[in-house]
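# Secondary and tertiary structure notes
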Amino acid sequence: MLETKFFVAGSNQEEALKHTCELACKLFFKQSNLPAVENIDILCDTALEAESLDELLWSYPKDALIPHKLAHKDNQEVFAEIGYPGIKFTYKDNKGLINLSPDLPNRTSDYLFYFQLVIKDNSSLRERAATTWTECKSMGLQPIFVEDKLNGKEF
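Counting restarts for each chain: residues are numbered from 1 in the order of the written sequence. Given that this is a predicted model, residues contribute local features only at a pLDDT of at least 70 and side-chain atom pairs are listed and counted only at 80 or more, while totals for whole chains, interfaces and linings are drawn from all residues. Computation of side-chain values covers all heavy atoms of the structure but excludes hydrogens and water.

## Points about the side chain of Lys69
You can see Lys69 is positioned in strand β3 (residues 68–70). Partly exposed residues are those whose accessible area sits between 20% and 50% of the maximum for their type, while under 20% is buried and over 50% is exposed, using a 1.4 Å probe and protein chains only. Assessed through its relative accessible area of 7%, Lys69 is described here as buried. Only heavy atoms enter the contact rule, under which two residues are in contact if any of them lie within 4.5 Å. Apart from the residues lying within four places of it in its own chain, the contact partners of Lys69 are Asp54, Asp74, Gln76, Val78, Ala80, Glu81 and Ile82. By definition, any uninterrupted DSSP run of H or I lasting at least four residues is a helix, any uninterrupted run of E lasting at least two residues is a strand, and each is numbered from the N terminus.

## As for the pairing of strand β4 (residues 80–83)
Because side chains alternate across β4, one face comprises the buried residues Ala80 and Ile82, and the other comprises Glu81 and Gly83, equally buried. Pairing between strand β2 (residues 39–43) and β4: 4 bridges, direction parallel. Looking at the pairing, Ile40 lines up with Ala80 of β4. Where β3 lies against β4, 3 bridges are found, and the strand directions are parallel. Paired with His68 across the two strands is Ala80, which belongs to β4. Pairing between strands is defined by DSSP: at least two bridges between the two strands are required.

## Looking at helix α3 (residues 124–138)
Helices are assigned an expected span. That span is 1.5 Å times one less than the residue count. With 15 residues, α3 extends 21 Å from end C-alpha to end C-alpha; this agrees with the ideal 21 Å at 1.5 Å per step. Among the residues of α3, those classed as buried are Ala129, Thr132 and Cys136. All buried residues of α3 project into a common sector of 50° when viewed along the axis, lining one side. Turned more than 90 degrees away from the buried face of α3 sit Glu127, Thr134 and Ser138, all of them exposed. Next to the buried residues of α3 lie β1 (3–8) and β6 (113–118). This arc is taken over the directions from the axis of the helix to the C-beta atoms.

Okay, structure coming up:
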C-alpha cells in the first residue's frame, strides 16, 4: 500500500516552501525514519511556486545542496524534479512524491510514498488539503496526519 502522510508545513506559502526544502534534504541525505528512495518529485500548486522552490533549494537549507531541476527543463539526472499541474515528471522506479499543492495529484500509484504538505492558513489551502485527505481515504489509502514539525521525532 502507498505510504501516505500529511505533514503540517506552516501557515503560509513561504513557510511551506522551507518545509519542502527541509524534507527534500532529509530524503536526499537519508535522515530520520523516512523511506529510502533514489529520486523524488515535488508537485507545486503553480508554475510560480515551482520557480520559487527551485530558487530556494539552491540556498536552503544552509550547507546542503540538493541536486534538483524544474521538470520541464533539460534531461539532466537529479535527485529532485519540481513541477506543477500539467507537467509530466520523468518516470523512474523507487521514487517518492512531495505534494506542496493542496490538491490530490494524479498517478500516485507511480510512487513508493506520498507526502502531502498542509498549509494551515485557516482558509482555502487548509480546506483543499482536507478534501485531499477525504479523497485518499476513499481510494483505500490510510493517510497519517503528522502535526509535529520536521525536526520532531515522528518525522
